[in-house]
Amino acid sequence: MTTPPDRARVTKAVIPAAGLGTRFLPATKASPKEMLPVVDKPAIQYVVEEAVRAGLSDVLMVTGRNKRPLEDHFDRNVELETALEAKGDTARLAAVQHATDLATVHYVRQGDALGLGHAVLAAAQHVGDEPFAVLLGDDLIDDRDHLLEQMLDVQAREGGSVIALMEVPPESVSLYGCAAVEGSGDVVRITGLVEKPPVDQAPSNLAIIGRYVLSPAVFDVLRTIPRGRGGEYQLTDALQELIATEPVHGVVFRGRRYDTGDRLDYLKAVVQLAADREDLGPPLTAWLREWLGTRP
Ligand code: UTP
């Protein structure tokens, strides 16, 4: 679809990757959880690849005290490239160079990890006065699904902001931000948002997942909101305020999502993505079947 001339096209992706990753300690003591390998790539590379597929090749990563491995991963490694070249290992050389050539990656420090809202606010100067996408660095969307593209289309059509939602079992809603909505189907109008509500106070079973296309108006709200749940500046609280001044839509995602910030979901992600691979899938699934047969 074409973008109305009065609306800026989204070109920038912001990837918050400055969280403490406490659920994954001690693995995340000295390295961000976004660098955990999912099969043979760090989680964050899947997220950058998704942004680039959707046409967003200007990527700003919001990092914390452990930013070094993230920067190194998207930078050249001349020594490694020379060694692979000398060995004639062109496949691995291409894989190493691919991470460098993917996108223009910029970095900004969050300072203290004071919450997702605080991390997004750190992107204000780089983003300027344009709508932009936010992709959480530990949340993977399968590359056969096209959630971000759909969200960008909705934002181009409706303006305002767009949030990805997913139906979750009612007992799990308290683990997420939760949306009250009008309408049904894949695109809904959001009328209210609440961060991690108790099960009996959840307005629906629609959970916020880690993809957003936001209007730059969110920065002014983020500058004024108080700390919310858990003493953190919550992006959900800012978006709840934004609803009063501009349209906020939800795209209900029914595809494949992998939450690599949670240990069990991380393990499932590795197994599922490896099982889908041509090189690893057949031997892995054969072994899994056999191994499960030996379990009580
Ligand atoms: P999470 O809610 O998973 O928090 O953040 P966390 O602190 O990283 O992990 P746990 O709960 O302690 O295990 C969701 C996303 O927002 C980023 C994280 O890096 C992750 O990609 N984030 C979170 C920040 O960039 N800054 C923050 O202050 C908080």
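Attention in this report is confined to the structure presented alongside it. None of these values were measured; they are calculated from a predicted model.

When its secondary structure is counted, the protein chain shows eleven helices and 13 strands. Since a compact globule built from 296 residues should have a radius of gyration of about 19 Å, the 20 Å found for the protein chain is in line with a globular shape. In terms of overall dimensions, the protein chain has C-alpha extents of about 60 × 50 × 40 Å along its principal axes. With 296 residues in all, the protein chain has 47% of them scored as buried. Long-range contacts, defined here as pairs at least 24 residues apart, represent 77% of the contacts in the protein chain between residues at least 6 apart. For the protein chain, the computed accessible surface area is about 14,700 Å², with 51% contributed by carbon and sulfur atoms. Between the mean site of the 31 positive side-chain charges and the mean site of the 43 negative ones, the protein chain shows a separation of 4 Å.

Turning next to the site of the ligand. In the neighbourhood of the ligand, 19 residues make up the surrounding shell, with Thr22, Arg23, Glu34, Gln110 and Gly115 lying closest. At 2.7 Å from a nitrogen atom of the ligand is found a side-chain nitrogen or oxygen belonging to Gln110. For the ligand, an oxygen atom lies 3.4 Å from a polar atom in the backbone of Leu114. If the ligand stood free it would expose 570 Å²; the protein chains cover 83% of that surface. Contributions of two or more residues to the shell around the ligand are made by strand 1 (12–17) and helix 5 (116–121).

This brings us to the pairing of strand 11 (residues 206–214). Counting buried residues in strand 11 gives nine out of nine residues, a clear majority hidden from the surface. Note that strand 6 (residues 132–135) and strand 11 share four bridges and pair antiparallel. When the sheet's bridge partners are listed, Ala133 is paired in strand 11 with Val213. As judged from the five bridges shared by strand 8 (residues 161–167) and strand 11, these two strands associate in the antiparallel manner. By the bridge assignment, Met166 is partnered in strand 11 with Ala207.

A separate point is the side chain of Asp259. By secondary structure assignment, the location of Asp259 is in strand 13 (residues 257–259). Here Asp259 sits buried without a salt bridge, and the closest side chain of opposite charge, Arg257, lies 4.2 Å off (N-O distance). A distance of 3.0 Å separates a polar side-chain atom of Asp259 from the backbone nitrogen of Gly261. Sequence-distant contacts of Asp259, defined by excluding residues within four places in its chain, comprise Asp138, Asp139, Asp265 and Tyr266.

On to the packing of aromatic side chains. Counted according to the given criterion, the structure contains three aromatic pairs. Here the aromatic rings of Phe132 and Phe219 are separated by 5.0 Å at their centres, their planes lie at 10°, and the arrangement is stacked. One end of the pair, Phe132, is in strand 6; the other, Phe219, is in helix 8 (residues 217–224), with 87 residues separating them in the sequence. Both residues of the pair, Phe132 and Phe219, belong to the buried class.

What follows deals with the nonpolar core. Ranked by internal contacts, the top residues of the largest apolar core, which has 43 residues, are Ile44, Val48 and Met61. Considering each element in turn, this core owes the most residues, six residues, to helix 1 (residues 43–53). The residues touching Ile44, leaving out its near neighbours within four places in the chain, are Ile15, Ala17, Glu34, Met35, Met61, Leu70, Phe74 and Gly137.

Put simply, helix 3 (residues 78–87) and helix 4 (residues 90–101) touch, their axes get as near as 9 Å, and they point 160° apart. The angle between helix 3 and helix 4 places the two elements in the roughly antiparallel class. Read as a crossing pair, helix 3 and helix 4 show a hand that is left-handed. Mapping the contact onto sequence places Leu80, Glu81, Leu84 and Glu85 in helix 3 and Arg92, Leu93, Val96 and Gln97 in helix 4. Its residues assigned to classes, the contact of helix 3 with helix 4 comprises four nonpolar, one polar and three charged.

A separate point is helix 8. Residues of helix 8 that are buried: Val218, Phe219, Val221 and Leu222. With its buried residues spanning 165° around the axis, helix 8 presents them on a single face. Residues of helix 8 that are exposed and point more than 90 degrees away from the buried face comprise Asp220, Arg223 and Thr224. Those residues of helix 8 that are buried lie in contact with helix 5, helix 6 (124–127), strand 6, strand 11 and helix 9 (235–242).

Rules used in this analysis
Chains are numbered independently. Their residues run from 1 in the order of the written sequence. Local features in this predicted model are restricted to residues of pLDDT 70 or higher, and side-chain atom pairs are both shown and tallied only at a pLDDT of 80 or more, whereas totals for entire chains, interfaces and linings draw on every residue. Water and hydrogen atoms were dropped before computing side-chain values, which therefore reflect all heavy atoms in the structure. Runs of H or I in DSSP of at least four residues are treated as helices and runs of E of at least two as strands, each being numbered from the N terminus. Atoms counted for the radius of gyration: C-alpha only. Globule rule: 2.2 Å times the number of residues to the power 0.38. Residue exposure (1.4 Å probe, protein chains only): buried if accessible area is under 20% of the type maximum, exposed if over 50%, otherwise partly exposed. By definition, residues are in contact when any of their heavy atoms lie within 4.5 Å. Residue exposure ignores everything except the shown protein chains as possible cover, and the areas themselves are Shrake-Rupley values with a 1.4 Å probe. The convention is simple: Lys and Arg are positive, Asp and Glu are negative, and His and the chain ends are not counted. Note on charges: their place is set at NZ of Lys, CZ of Arg, CG of Asp or CD of Glu. Think of it this way: one heavy atom of a residue within 4 Å of a molecule or strand is enough to make that residue near it. Two N or O atoms form a polar contact when they lie within 3.5 Å of each other; inside protein one atom must be a possible hydrogen donor and the other a possible acceptor, and for residues adjacent in sequence the pair counts only when both atoms belong to side chains. The criterion for strand pairing is that DSSP finds at least two bridges linking the strands in question. Every case where a carboxyl oxygen of Asp or Glu lies within 4 Å of a side-chain nitrogen of Lys or Arg is listed as a salt bridge. Classification of ring pairs rests on two measures: the distance between centres of Phe, Tyr or Trp rings, Trp counted by its six-membered ring, which must be within 6.5 Å, and the angle between planes, read as stacked under 30 degrees, edge-to-face over 60 and tilted in between. Think of a nonpolar core as a cluster: buried Ala, Val, Leu, Ile, Met, Phe, Trp, Tyr and Cys residues, connected wherever their side-chain atoms sit within 4.5 Å. Note on method: axes are straight lines fitted to C-alpha atoms, helices fitted across the in-contact stretch only, with angles between N-to-C directions ranging 0 to 180 degrees. Oblique is the label for any angle not covered by the other classes, which are roughly parallel (under 35 degrees), roughly antiparallel (over 145) and roughly perpendicular (65 to 115). In this scheme, a crossing is called left-handed if the near helix is turned counterclockwise away from the far one by less than a right angle; it is called right-handed if the turn is clockwise. Put simply, Ala, Val, Leu, Ile, Met, Phe, Trp, Tyr, Cys and Pro go in the nonpolar bin, Asp, Glu, Lys and Arg in the charged bin, and everything else, Gly too, in the polar bin. Starting at the helix axis, one direction is taken to each C-beta atom, and the arc is that of these directions.

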